[in-house]
Amino acid sequence: MKDLYGKVHLVSSLPLFRGLKRKELVWIAESVQIVEAKRDSILFKRGERKPNLYLILSGSVLVYLPSKEEERREELQILKKGEYFGIHSLLTGEEQTHSILTLSESRFLVLEQKDFQELIRKIPSLSVSFSKLLTKSLRNELLGHREYFKNSVYCFVHSERETLEDFSSKLAESIERESGKSVVILRFNQRPNSEPEKSPILKFYRFRDPEKIMETLGRHYPSHPFIFLDIFPEDPIEVKQTLIEEADHIECLSSKDLLDPKDELSFIPEEILSNTNLYSTINIEKLQNQDKYSLFLTRKAREISGVQVGIALGGGAALGLAQIGIMKVFEEENLQLDMISGTSIGAIIGAFWASGLGYKGILPLLAEIDSIFKMFKLVDLSFPGQGLLHGKQVRNLLERYLGDVSFEDLSIKLRLISCDITSRKEVVLSEGKVLDAVMASISIPGVFSPQAQENGKVYVDGGIVNPLPVSPLKAEGVEKIIAVNSMPSSRDEMKTNKLANLNVLDIIVNSLYSLQYRIGKYSAQDADVYLNPILANSNWFEFWRSKEFIEIGERVARESLTEIRKLFDPNEKV
């Protein structure tokens, strides 16, 4: 069961399986094997009948065409974490068309053909995604391209032309600015409205023939990581259907909420409309009215081009204050995050970070709890009750700083983790009032009273189910991740609470932290940079030692600063 839990974490982090339900991820985890390989290992050779799909968890591999003389082999491409190979042989049963050599110690999830066929039966939506991958692979071979292309084809369906026509152009410019990767925009059955539209990234074709469209697409695959296709209302049905079939991702752009996508977008197959990995809608007018259009384009560009950087902030109560030191370093080095996930104390610090209050904004709060006497002001005993403390005083303290800010107001995307105590399932909070989500995430069972929700559910500390929340970042496409684990291991020497009549808190909290540290080790496997700031001879209740905790966090961050900076370099592929 422990191995299965770890596999589920690994599977959920891969782009191919993003958006699947928990039970579907479990089915996949039960079907795959974890394979480790040393450097310079040949996983398979061209011509071998080995119909397995390899998904790279760590390390890198070289895709090449072998030669009788090893030094003359034709090197085609290097694949790294999050990418995959073997898809053609898996789906067709044919011989491998390339050879694969590991360039470093590597770990893979391997899916055999017989297990894949059973998964398709259980999860029909996977067949759509995999069939698109096979179509692209076969097309590349027919066009004489032997490399493993990493391009993505986005199709933008415009509900109106006038107000939305420049969306793809603005997004393309943002991608090139944020990532340095090239984009080409193709419009078929179209002609430029004016001479100035002759842009190097915007190409018009007057024909509508499906074969010509596919041939034109094929010519752009080798030179552009991203291909944008625009569909307008006046386009003939054969153009619309051809472009939809060629797209990896479909976005419907509208200036209103679609009443019924099945009616208004009848040319898109139902299996695509119902697949959140392949289809989504964007209400442009709503973004413009809220002055969030530019921010949306930047975020979308970073998401599409795979350069998003996220940080996962774990629990640890006072021990987690070390995360403030890490936040301080990021601000001083001007390292801009795309997303933050937090649980327990990480939820509080994440909220300050994402809201823009930052390091300087949290210092006044720390001044209000910098002594044991001040800490006692937050104690509101709950006897009898569902926890030792009501938590109202803590809420009042946080409310003075976070106020009524909502997730939609944040400058950085924020995901906070809680646990539905009835179902014992993880809940990722990303809507509504940030303070409500923070209180739900910090409600340690037995210490704080659980947080009742408007939907009738009861939430408690998210650290129970996800003490180091890397998976929410991976689920939303963040490929470069820093994980901050402030939980002590069994080897760390920690202090025991000697305050009278409070030993029961030590028993509850330290029991939870012992379990959470072990669970957090699975999550750490998916991080690119792992930070573990632990202040020796400290304990979870010592909030008045914030200066020391912050200093240890700052020191640990600066020690890993070179590694962290690489994540923010658009030319660096993690």
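Analysis parameters
- Residues numbered from 1 in each chain as written.
- Predicted model: local features only at pLDDT ≥ 70, side-chain atom pairs only at ≥ 80, totals over all residues.
- Heavy atoms only, no water.
- Helix = DSSP H or I, 4+ residues; strand = E, 2+ residues; numbered from the N terminus.
- Buried < 20%, exposed > 50% of the residue type's maximum accessible area, 1.4 Å probe, protein only.
- Areas by Shrake-Rupley, 256 points an atom, 1.4 Å probe, with all protein chains shown as cover.
- Phe/Tyr/Trp six-rings, centres within 6.5 Å; stacked < 30°, edge-to-face > 60°.
- Pairing = 2+ DSSP bridges.
- Axes fitted to C-alpha atoms, helices over the stretch in contact; angles between N-to-C directions.
- Contact = heavy atoms within 4.5 Å.

## A look at the overall build of the chain
When helices and strands are tallied, the chain shows 22 helices and 24 strands. A burial count over the chain gives 55% of its 574 residues as buried. By element, 50% of the accessible surface of the chain is carried by carbon and sulfur atoms, the whole surface being about 26,100 Å².

## Let's talk about the packing of aromatic side chains
With the rule as written, the count across this model stands at 15 aromatic pairs. Relative to Phe228, the ring of Tyr154 lies with its centre 6.1 Å away and its plane at 75 degrees, an arrangement referred to as edge-to-face. Taken together, the residues Tyr154 in strand β9 (residues 152–158) and Phe228 in strand β12 (residues 226–231) connect sequence positions 74 residues apart. This pair shows no difference in class: Tyr154 is buried, exactly as Phe228 is. Where Tyr205 meets Phe207, the ring centres are 5.5 Å apart and the plane angle is 45 degrees; that geometry is what we call tilted.

## Here's the deal with the pairing of strand β13 (residues 249–254)
Each regular strand carries side chains that alternate between the two faces of the sheet. The element β13 is extensively covered by neighbouring structure, given that 5 of its 6 residues are classed as buried. Sheet analysis places β9 next to β13, joined by 5 bridges and oriented parallel. The partner of Cys155 across the bridge, within β13, is Ile250. Looking at chain direction, β13 and strand β14 (residues 279–283) are connected through 5 bridges and run parallel. Within β14, the position partnered with Ile250 by the bridge is Tyr279.

## Here we look at the sheet that holds strand β10 (residues 183–188)
Pairing is parallel in the open sheet, where 6 strands are placed in the order β11-β10-β12-β9-β13-β14. Looking at the sheet topology across the chains shown, the edges are occupied by β11 (202–205) and β14. Neighbouring strand axes in the sheet, compared pairwise and without regard to direction, differ in orientation by 25 degrees on average. Against the sheet, helix α6 (residues 167–179) touches β9, β10, β11, β12, β13 and β14, its axis set at about 165 degrees to β10. Contacts from helix α7 (residues 210–220) reach β10, β11 and β12, with the element oriented near 170 degrees to β10.

## A word on helix α18 (residues 434–442)
Burial analysis of α18 places 8 of its 9 residues in the buried class, which makes it a mostly covered element. For α18, the complete set of buried residues consists of Val434, Leu435, Ala437, Val438, Met439, Ala440, Ser441 and Ile442.

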